[in-house]
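Here's the letter readout for the chains.
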Amino acid sequence: MSQERRLFGTNGIRGIVNQDLTPEFVINIGAAIGTFFKHKRLLVGYDGRTSNIMFAHAVTSGLTATGCDVYDVGTAPTPAIQYAVRKHNMDGAVIITASHNPPEYNGIKVTGNDGIEISREDEIKIENIFFDKKFNLAEWNKIGQTHTLNGIIDEYVEAVETHVNIGAIQKKHFHVVVDPGNGAGGLAAPRLLRDLGCKVTALNANVDGTFPNRPSEPRVENLGDLAVAVKALSADLGVAYDGDADRSVFVDEKGEIHAGDRTFALIEKYFLLKNKGATIVTPVSSSYLVKEIADAYGGNVVWTKVGSTVVSQTMKKLKAKLGGEENGGVFYGPHQAVRDGAMTTALILDIMAKTGKKMSTLLGELPRYFIEKDKIECPNEIKEQLLKAFTELMQKYKPDTTDGVKLWFEDKSSILIRPSGTEPIFRFYAEAKTRQKAEQLVRKHKAQLVQLMKKIKT
Ligand code: MG
């Protein structure tokens with residue numbers, strides 16, 4: 001939050017509790033959001049962090065001071081709160097969550113009346129109100145009211161269930177091991193799975209904002225317990241969520257943990273079999289697999305910048321029905337154009353029930369890619385200059401500059417070179433049909449970037 005007049009990052013406002021994000025700051029943000037909405041009805045909900053109630057009170061204070069009515073929905077997965085916005089005809093929501101960040105963080109997301117995070121243009125309007133302190137405080141007799149709204153998680157789970165063949169899934173009696181990582185997903189996923197007739201084994205399913213058992217991000221290195229449990233119990237599937245349960249990562253019956261874009265490609269394949277010609281929205285950080293599946297099953301891929309908001313907003317603009325991210329975010333438009341862990345879980349079980357195939361078989365049927373990732377340190381001050389110089393150097397490959405530099409090659413290999421939005425680093429993400437090729441792509445472009453950085457520094 002050091003950059004002047006900038007508060008929102010790729011996924012809302014984030015910061016360390018009582019350092020970057022203090023109650024005073026959150027009251028003012030609440031007042032800025034309330035001024036932007038102008039006397040509207042807004043939901044306030046939160047994930048399971050230790051600072052959730054403190055910030056819910058602070059943001060509610062700012063919102064009601066500017067004349068907005070607040071409906072407090074309590075602790076819930078982010079997608080459940082987003083769904084409740086439309087279900088209850090609200091004008092928007094303020095969600096207190098830091099998603100997958102460590103426990104000392106918290107954050108704020110703002111949605112419009114469709115439950116989708118507001119656009120960058122609207123974020124700028126809120127930032128301007130905040131920095132110019134142009135709060136429209138209400139007269140004493142026009143202060144907003146505060147209400148409690150119960151039952152949104154049940155409504156959300158029931159809505160998810162309408163998009164899959166419940167009867168077919170129930171007949172299979174799948175054994176699913178679910179690991180919400182002590183996040184808000186523990187309030188929705190076990191209930192959904194039981195409704196779908198699954199035998200449920202839950203790990204880390206009590207909500208605990210200290211995240212005592214595993215880091216909140218569902219990365220391969222954090223899901224060892226889940227993988228072991230799935231195999232040891234001979235379960236059919238394992239699924240893990242991040243802290244606010246909008247992202248999901250799956251483990252097959254053999255205990256193998258799968259990258260988010262492979263699971264997404266599986267959903268894409270079965271979606272395209274029913275929806276020929278559909279538009280699929282995904283960030284440039286996703287695997288080429290997404291395009292290969294689209295080419296094979298009659299879809300059309302639209303590549304975006306990295307970030308869930310831009311995927312949601314692009315889907316809305318193009319009326320696209322499916323989006324997905326490499327990190328395990330799947331956006332299923334018929335339900336809602338936001339990433340949604342429970343919806344993704346139901347879709348996977350639907351595919352398993354329909355095909356009668358095991359998860360490892362379904363994923364094994366997808367084309368295989370080898371992925372190589374790396375990063376180098378680069379001071380924030382020269383990131384932009386370095387990216388520009390590198391883009392020029394790569395002109396002969398016709399670089400895609402949607403976000404960073406992406407190079408596509410004819411042998412279906414590709415590399416994305418992108419400065420981190422938050423850390424002083426450049427990331428490399430290559431994939432190819434052989435491991436050697438992927439490694440070679442990273443090695444070559446890393447060397448070129450280091451050379452350029454030396455020139456810029458001297
Ligand atoms: Mg999240």
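For every chain, the first residue of its written sequence is number 1, and the numbers climb from 1 along that sequence. Predicted model: local features are reported for residues with pLDDT of at least 70 only, side-chain atom pairs are reported and counted for 80 or more only, and whole-chain, interface and lining totals are derived from all residues. Hydrogens are left out, water is left out, and the side-chain values use all remaining heavy atoms of the structure.

A.B. asks: Can you break down the overall build of the chain residue by residue, with the values?
C.D. replies: Segments assigned H or I by DSSP are reported as helices when at least four residues long, segments assigned E as strands when at least two residues long, and all are numbered from the N terminus. The secondary structure content of the chain amounts to 15 helices and 18 strands. Each radius of gyration is computed over the set of C-alpha atoms, and the globule rule expresses the reference value as 2.2 Å times the number of residues to the power 0.38. A compact globule built from 458 residues would reach a C-alpha radius of gyration of about 23 Å, and the chain, at 22 Å, matches this within 12%. Based on the C-alpha atoms only, the size of the chain along its principal axes is roughly 70 × 65 × 40 Å. Looking at the chain as a whole, 58% of its 458 residues qualify as buried. Note that His is not counted, nor are the chain ends; the positive residues are Lys and Arg, and the negative ones are Asp and Glu. Throughout, a charge is located at the NZ atom of Lys, the CZ atom of Arg, the CG atom of Asp or the CD atom of Glu. The average position of the 59 basic charges and that of the 55 acidic charges among the side chains of the chain differ by 5 Å. Three exposure classes are used, based on accessible area relative to the maximum for each residue type with a 1.4 Å probe and protein chains only: buried under 20%, partly exposed in between, and exposed over 50%.

A.B. asks: Can you break down the domain arrangement of the chain residue by residue, with the values?
C.D. replies: An automatic or database domain assignment supplies the residue ranges for each domain. Partitioning the chain into domains gives domain 1 (3-150), domain 2 (155-364) and domain 3 (370-457). Between the C-alpha centres of domain 1 and domain 3 there is a distance of 36 Å.

A.B. asks: Describe in detail the coordination of the magnesium ion, supporting the description with residues and values.
C.D. replies: For a metal with four tetrahedral donors the ideal donor-metal-donor angle is 109.5 degrees, whereas six octahedral donors ideally subtend 90 or 180 degrees. Metal-coordinating donors are taken as N, O and S atoms lying within 2.8 Å of the metal, or within 3.2 Å when the metal is Na, K or Ca; because water is left out, some sites can appear incomplete. On the protein side, the magnesium ion has S99 (OG), D242 (OD), D244 (OD) and D246 (OD) as donor atoms, found 2.0 to 2.1 Å from it. Of note, the magnesium ion draws all its donor residues from one chain, in the sequence arrangement S-x142-D-x1-D-x1-D. Highlighted residues: S99 in the loop between β4 (92-96) and β5 (105-111) and D246 in the loop between β9 (237-241) and β10 (248-251), separated in sequence by 147 residues.

A.B. asks: Just give me the short version of the environment of K373, but keep the residues and values in it.
C.D. replies: By the secondary structure assignment, K373 is in strand β15 (residues 370-377). In what follows, a contact means two residues having at least one pair of non-hydrogen atoms within 4.5 Å. Excluding residues within four positions of it along the chain, K373 makes contact with E326, F428 and Y429.

A.B. asks: Explain the nonpolar core residue by residue, including any values.
C.D. replies: Working definition of a nonpolar core: buried Ala, Val, Leu, Ile, Met, Phe, Trp, Tyr and Cys residues. They are joined through side-chain atoms within 4.5 Å. Core analysis: the largest hydrophobic core is formed by 71 residues, its most contacted members being L43, I152, L266 and L349. Broken down by element, the residue count for this core peaks at 9 residues, all from helix α12 (residues 341-355). Apart from residues no more than four positions distant in its own chain, L349 is found in contact with I169, F174, V176, L193, L196, C198 and L237. Listed in part, the 30 residues of the second largest apolar core include I29, A56, I96 and I126.

A.B. asks: Give a description of the packing of aromatic side chains that names residues and reports values.
C.D. replies: Between 30 and 60 degrees the pair is tilted, below 30 it is stacked and above 60 it is edge-to-face, where a pair is any two Phe, Tyr or Trp rings, Trp via its six-membered ring, whose centres lie within 6.5 Å. Per the stated rule, a full pass over the model turns up 8 aromatic pairs. The interplanar angle of 70 degrees and the centroid separation of 5.4 Å between the aromatic rings of F25 and F130 together place this pair among those described as edge-to-face. On the criterion of sequence distance, the pair formed by F25 in helix α1 (residues 23-37) and F130 in helix α4 (residues 120-131) is long-range, its members being 105 residues apart. For the pair F25 and F130, a shared accessibility class is recorded, and that class is buried. Note on W303 and W408: the rings are 5.0 Å apart at their centroids and 55 degrees apart in plane angle, and the pair reads as tilted. Of this pair, W303 sits in strand β12 (residues 300-304) while W408 sits in strand β16 (residues 405-408); the two residues are 105 residues apart in sequence, bridging distant segments of the chain. Ring pairs connect the aromatic residues Y288, W303, Y369 and W408, which therefore count as one cluster.

A.B. asks: Account for the pairing of strand β11 (residues 279-283), with residues named and values stated.
C.D. replies: Counting buried positions along β11 yields 5 of 5 residues, so the element is predominantly enclosed. Alternating positions in β11 separate into two faces, T279, V281 and P283 on one and I280 and T282 on the other, with burial throughout. As defined by bridge partners, β11 adjoins β12 across 5 bridges and the pair is classed as parallel. Within β12, the position partnered with I280 by the bridge is V301. We treat two strands as partners when DSSP finds at least two bridges between them.

A.B. asks: Mind laying out the sheet that holds β16, listing which residues take part and the relevant values?
C.D. replies: The antiparallel open sheet is built from 4 strands, whose spatial order is β15-β18-β17-β16. Either end of the sheet is taken by a strand with one partner, and the two such strands are β15 and β16. The mean angle between the axes of side-by-side strands here comes to 10 degrees, regardless of whether they run parallel or antiparallel. Two strands pair when backbone bridges link them, and β15 and strand β18 (residues 425-432) are joined in this way by 8 bridges, in the antiparallel orientation. Directly across from I376, in β18, lies its bridge partner F426. For helices, the fitted axis covers only the stretch in contact; all axes are lines through C-alpha atoms, and the angles between them, taken along N-to-C directions, range from 0 to 180 degrees.

A.B. asks: If you had to explain the environment of S51 to someone new, which residues and values would you point to?
C.D. replies: Positionally, S51 belongs in the loop between β2 (41-46) and α2 (52-65). In this structure S51 comes out as buried when scored by relative accessible area, which is 4%. With 29 residues separating them in the primary sequence, S51 and A80 have C-alpha atoms 20 Å apart. Apart from residues lying up to four places away in sequence, S51 is in contact with V17 and N106.

A.B. asks: Let's hear about the side chain of R214: which residues, and what values?
C.D. replies: Summarising the element assignment, R214 is placed in the loop between β8 (199-202) and α8 (224-232). Since its relative accessible area comes to 5%, R214 is described here as buried. Separated by 3.4 Å, the side chain of R214 and the backbone oxygen of S216 make a polar contact. Definition of a polar contact: a pair of N or O atoms within 3.5 Å, with one able to donate and the other able to accept a hydrogen when the atoms are protein atoms, and with sequence-neighbouring residues admitted only if both atoms are side-chain atoms. A polar contact is formed between the side chain of R214 and the backbone oxygen of Y241, at a distance of 2.8 Å. Setting aside chain neighbours within four positions, we find R214 in contact with D179, P180, G181, N204, N222, L223, A240 and Y241.

A.B. asks: Could you give me a rundown of the packing of α1 against α4, with the residues and numbers involved?
C.D. replies: With their axes 9 Å apart at the nearest point, α1 and α4 run at an angle of 120 degrees to one another. Considering their axes alone, α1 and α4 lie oblique with respect to each other. Along this stretch, α1 crosses α4, giving a crossing that reads as right-handed. Here F25, N28, I29, A32, I33, T35 and F36 of α1 come into contact with α4, specifically with D122, K125, I126, I129 and F130. Classifying every residue of the contact of α1 with α4 by side-chain character gives 8 nonpolar, 2 polar and 2 charged. Note that the term roughly parallel is reserved for angles under 35 degrees, roughly antiparallel for angles over 145, roughly perpendicular for angles of 65 to 115, and oblique for everything else. Whether a crossing is left-handed or right-handed is set by the direction in which the near helix is turned from the far one by less than a right angle, anticlockwise for left-handed and clockwise for right-handed. Ten residues, namely Ala, Val, Leu, Ile, Met, Phe, Trp, Tyr, Cys and Pro, are considered nonpolar, four, namely Asp, Glu, Lys and Arg, are considered charged, and the remaining ones, Gly among them, are considered polar.

A.B. asks: Outline α12, listing residues and values.
C.D. replies: Residues spaced three or four apart along an α-helix face the same direction, because each turn holds 3.6 residues. Here α12 contains 15 residues, and its C-alpha end-to-end distance of 21 Å stays within 8% of the 21 Å for a straight helix at 1.5 Å per residue. Counted residue by residue, α12 has 13 buried out of 15 residues, so it is predominantly covered. Working rule for helices: expected span equals 1.5 Å times residues minus one.

A.B. asks: Lay out the side chain of E292 with the relevant residues and their values.
C.D. replies: For E292, the position within the fold is in helix α10 (residues 289-297). Ignoring sequence-local partners within four residues, the contact set of E292 consists of P367, Y369, K412 and K433.

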